[in-house]
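# Structural overview for review
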Amino acid sequence: MKIVCHELGYIYPGAKTPVLSGLDLVIEPGVTLLKGYSGCGKSTLLRLLGGLLEPCTGRIEAPQLPLLGSREFLRKAFAMVFQELNLLPLASVWRNIELSCRIAGVPTEQGREWLNLLGMEPFADRKVESLSGGQKQRVAIARALSKSPALLLLDEPTSGLDDHNTSIISAAIQRFSQGSDAICVIASHDHRLDPLAHELVDFHRILSLSE
Amino acid sequence: MNWWTSIAFYLCRNSFRRWIEQPLGFLSKWAISALIGILGAVMIAGASFLGDEIGRQLASREAMTVTMLEVVPPKQASALLAPDDPEESEWEKLAEDSMTLYQVPAVAKIDEIRDVSIVAMREPERYGFPDAIVLITRSQPEGSTVVARMDTLRVEAIAMPPKGALLEKFVATGELVVGSVKRLSPLMQNGFTRQVLFQAKSIEAIEQAQKVNDTLQAIEHRRVSIRSMLPLLLKLREIRNIQRYVLFAVTIGSALVLGLICGALAWMEFREERYLLALIRSFGVGRVALLVHAVVENCLIAVTGVLLGLAGLAATVSQLNLRAMKLDWLTTQLLFGGGTVWVLVLGGLFGGLLSCVPVGIGLRKPLGLLLK
């Protein structure tokens, strides 16, 4: 399984210059780490890969996955951890995980395991609103992993987190990537995540070349 | 529990939380719905009252009574006195009740004291009179006889009260000598006035009679005139049609205003929740499910608001002395009967539905532009 981007370009509505232009990229199973300065288009690429945005030019091919952005794809094959608002604020930690598993059609025990691995099992009945930033991010990652997605996208998963939380998250991602042939793409500045990467994409360099 | 039940449950909880944490939006929608429900009910009641009143006027016997007068000169008299008058049956087609009278240009001297007009009828038996000379009067006992002198003819006339609404109206408080055409034909040779009285079936029937009248005048050059309330009736019919449009416009207008105001409020609420809704969409929950939730929520608020307003109005009306306020036409039946409640509830539903249009548009935005 792989994802191939051909001549990918995107310009935000109302913007004068494209954030991505003529990008060619092949993403193989394993962890791919996208690095680059802020605003270079890492997060935009993640949204394009997940079908959350339609490319303005070029195309993305992922023949082994359901149609990108389709409900089937979003429900079963895709999980993404965003920088902000990742969790349903009114639900408990466990309800967040359980709901995600039910939608994806996977056993909820899987969610329990990931929650345990990320050290959030004792907080299962707590309301999400009462958690700290690091705890929320761990729950969001547990929820994403419990779906066993074929495509996992993580947008700055450890930004602003301490070493303790970062190491827990890194360990979970590593375990996930080792146990499946899923594609995991992480957009991050954080050098602490570098050891996870099977492939490290210097986004700034790619963009320079494509220009 | 199915995942979609869980999502629906979560969305409901989220709505309740919003109602509790930000009651202004929810209460505003409710208050606006209630107010529009009250205004709509009063306006519909007013328009219905007007329509009913016009309808009553249109249906009244007085409004539909038509009198056709034709002065028949001596040379045409014999033709119109033929045994079968086809024109009579033509009028009957347009009428619920009709009567043709031939007024003789002479008077009868009753008991050598008073003068009474004479009319001939083609078949007096049809109207409940014997084949004799009859004095239609209310001042003498039925069956008593009087002496009537008509020109050189002296006869005994039987006193009878007027029979039938048309004749009663024609005689009014006076008296009339009635006889068959056969008996009175000697008096009719010098011409007469033919009067057709009829109670029209509808305004269209009066219009038809008017057309016939115009034709008789234009083609046959007959001296026919028609007396009816047609111009007034046509005006009333026009007003009634306008009233129906007003009723329709009030209902649609109320729903539109409700939809626009609630739509603006719903849009503000949606803007606050668009990230959450986008997050739920990113799980693979369709836009339609989220839109259905918004529709149900807004329709529920709008309909309960309208019903609350109507309940408040009913309570207020029952406490007020409407007669003293000269509002006694504003009856409970008029306010809440005749499907008014259903019309307003449907208006509320339409308004609630309309208020979700901005939400529907907002949900079309790509997820990638919302989630950060």
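Below is a short write-up of the structure. (Residues numbered from 1 in each chain as written. Chains lettered and ligands numbered in written order. Predicted model: local features only at pLDDT ≥ 70, side-chain atom pairs only at ≥ 80, totals over all residues. Heavy atoms only, no water.)

Within chain A one finds 7 helices and 8 strands. Burial analysis of chain A (211 residues in total) assigns 55% to the buried set. A fraction of 72% describes how many contacts in chain A between residues 6 or more apart in sequence connect residues 24 or more apart. For chain A, the accessible surface area stands at approximately 9,000 Å², while carbon and sulfur atoms represent 49% of it. (Helix = DSSP H or I, 4+ residues; strand = E, 2+ residues; numbered from the N terminus. Buried < 20%, exposed > 50% of the residue type's maximum accessible area, 1.4 Å probe, protein only. Contact = heavy atoms within 4.5 Å. Areas by Shrake-Rupley, 256 points an atom, 1.4 Å probe, with all protein chains shown as cover.)

Right, let's get into the nonpolar core. Core analysis: the biggest nonpolar cluster contains 60 residues, and Ile-3, Leu-45, Leu-49 and Leu-88 of chain A together with Ile-280 of chain B have the highest contact counts within it. When residues in this core are grouped by element, the largest group, 7 residues, is from helix α9 (residues 230–282) of chain B. Grouped together as the second largest cluster of nonpolar side chains are 38 residues, Ala-140, Ala-142, Ala-144 and Cys-184 of chain A included. (Core = buried A, V, L, I, M, F, W, Y, C linked by side-chain atoms within 4.5 Å.)

What follows deals with the sheet that holds strand β4 (residues 57–61) of chain A. Residues and elements named next belong to chain A. Here we have 3 strands laid out as an open sheet, ordered β2-β1-β4, and antiparallel in their pairing. Taken across any chain shown, the strands that pair with only one partner, and hence form the sheet edges, are β2 (20–27) and β4. Averaged over all pairs of adjacent strands, the angle between strand axes in this sheet comes to 15°, irrespective of strand direction. (Pairing = 2+ DSSP bridges. Axes fitted to C-alpha atoms, helices over the stretch in contact; angles between N-to-C directions.)

Taken together, the contact pairs 24 residues of chain B with 27 residues of chain A. Of the roughly 2,300 Å² buried between chain B and chain A on both sides combined, carbon and sulfur atoms contribute 69%. The largest contributions to the chain B side of the interface with chain A come from Trp-3, Phe-283 and Lys-372 of chain B, which together make up 28% of the buried area. At the boundary of chain B with chain A, the tally comes to 0 salt bridges. (Buried area = accessible area lost by both parts, 1.4 Å probe. Salt bridge = Lys/Arg side-chain N within 4 Å of Asp/Glu carboxyl O.)

Attention now goes to the environment of Ala-302 of chain B. Residues and elements named next belong to chain B. For Ala-302, the location among the structural elements is in helix α10 (residues 287–319). Measuring from C-alpha to C-alpha, the distance between Ala-302 and Gly-348 comes to 5.2 Å, with 46 residues separating the pair along the chain. With near-sequence residues (within four places) excluded, Ala-302 lies in contact with Ser-33, Leu-258, Gly-348 and Gly-352.

With that out of the way, let us pick up the packing of helix α2 (residues 23–59) of chain B against α10 of chain B. All names here are of chain B. In contact at an axis separation of 7 Å, α2 and α10 are set at 50° when each is read in the N-to-C sense. With respect to their mutual orientation, α2 and α10 come out oblique. In this structure, the crossing between α2 and α10 has a hand that is right-handed. Contact residues: Phe-26, Lys-29, Trp-30, Ser-33, Ala-34, Gly-37, Ile-38, Ala-41 and Val-42 in α2; Glu-297, Asn-298, Ile-301, Ala-302, Thr-304, Gly-305, Val-306, Leu-308, Gly-309, Leu-310 and Leu-313 in α10. (Parallel < 35°, antiparallel > 145°, perpendicular 65-115°, else oblique. Left-handed = near helix turned anticlockwise from the far one by under 90°.)

Working definition: an aromatic ring pair is given by the centre-to-centre distance plus the angle between the planes. Going through the model one piece at a time under the given rule, you end up with 8 aromatic pairs over all chains. Linked through ring pairs, Phe-16, Trp-19, Phe-26 and Trp-30 of chain B together constitute an aromatic cluster. The residue whose ring lies beneath Arg-112 of chain A is Trp-94 of chain A, and the NZ or CZ to ring-centre distance is 3.9 Å. (Phe/Tyr/Trp six-rings, centres within 6.5 Å; stacked < 30°, edge-to-face > 60°. Lys NZ or Arg CZ within 6 Å of the ring centre and 35° of its normal.)

Turning our eyes to something else, we now look at the packing of helix α4 (residues 108–117) of chain A against helix α5 (residues 133–146) of chain A. How two helices sit against one another is set out by the angle between their axes and by the gap between those axes. Residues and elements named next belong to chain A. At their nearest, the axes of α4 and α5 sit 8 Å apart, and the two run at 145° to each other. The handedness of the crossing between α4 and α5 is right-handed. Across from Gln-110, Gly-111, Trp-114 and Leu-115 in α4, the residues of α5 making contact are Ala-142, Leu-145 and Ser-146. Looking at the contact of α4 with α5 residue by residue, the classes come out as 4 nonpolar, 3 polar and no charged. (Nonpolar A, V, L, I, M, F, W, Y, C, P; charged D, E, K, R; others polar.)

Let's shift gears to helix α1 (residues 42–49) of chain A. Residues and elements named next belong to chain A. Among the 8 residues in α1, 7 count as buried, and that is most of the element. Among the residues of α1, Lys-42, Thr-44, Leu-45, Leu-46, Arg-47, Leu-48 and Leu-49 are the ones counted as buried. Phi for Gly-51, located one or two positions after α1, is positive at around 75°.

Moving on: the pattern of salt bridges. With the rule as written, the count across this model stands at 23 salt bridges over all chains. What you see here is one network of salt bridges that share partners, running through Arg-17, Arg-18, Glu-21, Lys-29, Glu-269, Glu-273 and Glu-297 of chain B.

The subject of this paragraph is unusual backbone geometry. Excluding glycine, residues mostly carry a negative phi; peptide bonds, for their part, are mostly trans. Residue Ser-148 of chain A is not a glycine yet carries a positive backbone phi of 50°. Topologically, Ser-148 of chain A is positioned in the loop between α5 and β6 (151–155). Judged by its relative accessible area of 40%, Ser-148 of chain A falls in the partly exposed class. In the Ramachandran plot, Glu-112 of chain B falls in the positive-phi region, its phi being about 55° despite a non-glycine side chain. Among the secondary structure elements, Glu-112 of chain B is positioned in the loop between β2 (95–110) and β3 (114–121).

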